[in-house]
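Observations on chain architecture
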Amino acid sequence: MPEPVTILYVCTTCKREGDDPEGPRAGARLHAELARRAEGLRVEPVECLSVCKRPCTVAVASPNRWTYVYGDLDAEAAATTILNGLKAYDGTPDGIVPWRERPKEFRSGVIARIPPFPPLPPIPEAAE
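Quick notes on the rules
Residues numbered from 1 in each chain as written. Predicted model: local features only at pLDDT ≥ 70, side-chain atom pairs only at ≥ 80, totals over all residues. Heavy atoms only, no water. Core = buried A, V, L, I, M, F, W, Y, C linked by side-chain atoms within 4.5 Å. Buried < 20%, exposed > 50% of the residue type's maximum accessible area, 1.4 Å probe, protein only. Helix = DSSP H or I, 4+ residues; strand = E, 2+ residues; numbered from the N terminus. Contact = heavy atoms within 4.5 Å. Pairing = 2+ DSSP bridges. Polar contact = N/O pair within 3.5 Å; in protein donor to acceptor, adjacent residues only side chain to side chain.

Observations concerning the nonpolar core
- Of all hydrophobic cores here, the largest spans 26 residues; its most connected members are L8, L30, L34, V58 and I82.
- Elements with a contribution of two residues or more to this core: β1 (7–11), α1 (26–37), β3 (58–61), β4 (67–70) and α2 (78–90).
- Broken down by element, the residue count for this core peaks at six residues, all from α2.
- Those residues in contact with I82 that sit more than four places away from it in its chain are L8, L30, L34, V58, L73 and F106.

Structure, rendered in structure tokens:
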């Protein structure tokens, strides 16, 4: 059975105070750094995670595991923290990393924890 795929969604429209209006936003810079450093990790840019008051924001998802949304991440310094947090996430069967084992930024920056999507019932066949 193949290992579940972990996807890191990175909000590329997140901006921080002081961002150069002519340059890339903080979220786009964070995405670029994570994409550059992600070995074997699927990093997906998204235009908005709707957490504008807590930039930079990422979401971590994997089939049959809890999904987490984290914010208040530093665009220039958070890549290592995020990658370490994802290693811990991948090391669990359900995505729940014990509180004390999470990076400090994940403990203070958690915005949401979303349960795994339940299996869908089979679609009944249409009557002819």
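Notes on the pairing of β3
- Side chains of β3 alternate between two faces, with V58 and V60 and A59 and A61 buried alike.
- Note that β1 and β3 share four bridges and pair antiparallel. In the sheet register, V10 faces β3, and the bridge partner there is V58.
- Pairing between β3 and β4: three bridges, direction antiparallel. Note on β4: the bridge partner recorded for V60 is Y68.
- Counted between consecutive antiparallel strands, the loop separating β3 from β4 contains five residues, among which N64 sits at a positive phi close to 65 degrees.

What to know about the environment of D74
- For D74, the position within the fold is in the loop between β4 and α2.
- Overall, D74 belongs to the partly exposed group, its relative accessible area being 38%.
- Distance from D74 to V5, taken between C-alpha atoms, is 25 Å for residues 69 residues apart in sequence.
- Residues within four places of D74 in sequence aside, it is in contact with R16 and L30.
- Polar side-chain contacts of D74 include one of 2.8 Å to the backbone nitrogen of E76.

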